[in-house]
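Given next are the chains, with one letter for each unit.
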Amino acid sequence: MESLKKVLLLLIFSVTMTSVYAQKVTTQAIDKPSEGKSLVYVMKTGAGLMVNFRIYDKDKFLGAIPTGKYLVYECEPGEHLFWATSENRDYIEANLEPNSVYVINAEGQMGAFVAGVNLKPMKPTEYRDKQIFYKVVKNDDKMLYVPSADDKSQNIAGAMQKYQELKNNKSKKIAVLSSDMKFENADKPSK
């Protein structure tokens, strides 16, 4: 009798989990910017589950992204310098158009002591990028940009100095988010 209860309980659990995971969400709308503004999604994927990557727009602290969340940031169109810090710093130069949505992946990588971060501009024409964006929007929680009163001036000064050194050396470490890398939705991609 006890084993019959276990089998029945296992069967109920299996059916429940199958129905939960069988839901086929294939279309997902994304936030759109206010008229004349640009919107940037910053996701966190990869290594560093216990590390919050700190994200900046040049000298503006946007927030620390924990695992299971993504940041939505509305800004003025035009030139931007996005950067992230963890064990290292990584940079993206962006040219944003008005009324457009862009996506950046703050990808965690194994570091010497804590996870490092690699900022990657996501391309709406790449299957893998669309798939990652779909999964993050579907499964993670949205976090809106909220201005912070924390003094980050020392961190910002160090990051801007490092950025200038990379620029002066014509480093290929600075990624580029071009104006044509616009996302219209977070739909499940098909091959």
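Above this note sits the structure.
Going along each chain's sequence as written, the residues are numbered from 1 onward. Local features in a predicted model are, by the rule used here, given only for residues with pLDDT of at least 70; side-chain atom pairs are given and counted only at 80 or more, and totals for whole chains, interfaces and linings are based on all residues. The basis for every side-chain value is the complete set of heavy atoms in the structure, and neither hydrogens nor water enter the calculation.

Student: I'd like a description of helix α3 (residues 153-168), backed by residues and values.
Tutor: The periodicity of an α-helix, 3.6 residues per turn, causes residues three or four places apart in sequence to face the same way. Between its terminal C-alpha atoms α3 stretches 22 Å, which fits the 22 Å expected from 16 residues at 1.5 Å a residue. Taken as a whole, α3 has its buried residues at Ile156, Ala159, Met160, Tyr163 and Leu166. Here the buried residues of α3 occupy an arc of 120° about the axis, which is enough to place them on one side. The exposed residues of α3 that point more than 90 degrees off its buried face are Gln154, Gln161 and Asn168. Here, two residues are considered to be in contact whenever any of their heavy atoms come within 4.5 Å of each other. To qualify as a helix, a DSSP run of H or I must reach at least 4 residues; to qualify as a strand, a run of E must reach at least 2; elements of each kind are numbered from the N terminus. Those residues of α3 that are buried are in contact with β2 (53-57), β5 (78-85) and β6 (89-96). An expected span of 1.5 Å times one less than the residue number is assigned to each helix. The rule is simple: take the accessible area with a 1.4 Å probe, protein chains only, and divide by the maximum for that residue type; under 20% is buried, over 50% is exposed, in between is partly exposed. Starting at the helix axis, one direction is taken to each C-beta atom, and the arc is that of these directions.

Student: I'd like to hear about the sheet that holds strand β9 (residues 141-144), residue by residue, with values.
Tutor: Strands are treated as partners if at least two bridges between them are detected by DSSP. Sheet architecture is open: 5 strands sit in the order β8-β7-β1-β4-β9, paired in mixed fashion. Each edge of the open sheet carries a strand with a single partner, namely β8 (116-121) and β9. In this sheet, adjacent strand axes meet at a mean angle of 25° when their direction is disregarded. With 9 bridges connecting them, strand β1 (residues 38-46) and strand β7 (residues 100-109) associate as parallel partners. Of the residues in β7, the one forming a bridge with Val42 is Ile104. For helices, the fitted axis covers only the stretch in contact; all axes are lines through C-alpha atoms, and the angles between them, taken along N-to-C directions, range from 0 to 180 degrees.

Student: Can you explain the pattern of salt bridges? Please cite residues and give values.
Tutor: Here the idea is simple: oppositely charged side chains can pair when their charged atoms come close. The term salt bridge refers to a pairing of a side-chain nitrogen on Lys or Arg with a carboxyl oxygen on Asp or Glu at a separation within 4 Å. Tallying each qualifying case throughout the model produces 5 salt bridges. The closest approach of N and O atoms between Asp31 and Lys142, which form a salt bridge, is 2.8 Å. Residue Asp31 is located in the loop between α1 (2-21) and β1, and its partner Lys142 is located in strand β9; the two are separated by 111 residues in the primary sequence. Overall, the relative accessible area of 41% leaves Lys142 in the partly exposed class.

Student: Before we move on, can you summarise the environment of Gly78 with the specific residues and values?
Tutor: Structurally, the position occupied by Gly78 is in strand β5. Ignoring anything within four residues of it in the chain, the contact list for Gly78 reads Ala94, Asn95 and Leu96.

Student: I'd like a rundown of the side chain of Asn105, residues and numbers included.
Tutor: With respect to the secondary-structure elements, Asn105 resides in strand β7. On the basis of relative accessibility, which here comes to 1%, the residue Asn105 falls in the buried class. Contacts described as polar in this section are N or O atom pairs within 3.5 Å, which, within protein, must combine one atom able to donate a hydrogen with one able to accept it, while residues neighboring in sequence count only if both atoms come from side chains. Of note is the side chain of Asn105, whose polar atom sits 2.9 Å from the side chain of Thr45. Excluding anything up to four places from it in sequence, Asn105 contacts Met43, Lys44, Thr45, Asn118, Leu119, Lys120, Met122 and Ile132.

Student: Just give me the short version of the side chain of Thr85, but keep the residues and values in it.
Tutor: Within the fold, Thr85 resides in strand β5. Residue classification places Thr85 among the buried residues on the basis of a relative accessible area of 5%. A distance of 3.4 Å separates the side chain of Thr85 from the backbone oxygen of Asn88, its partner in a polar contact. Not counting residues within four places of it along the chain, the set of residues in contact with Thr85 comprises Phe53, Arg54, Tyr56, Val117 and Asn155.

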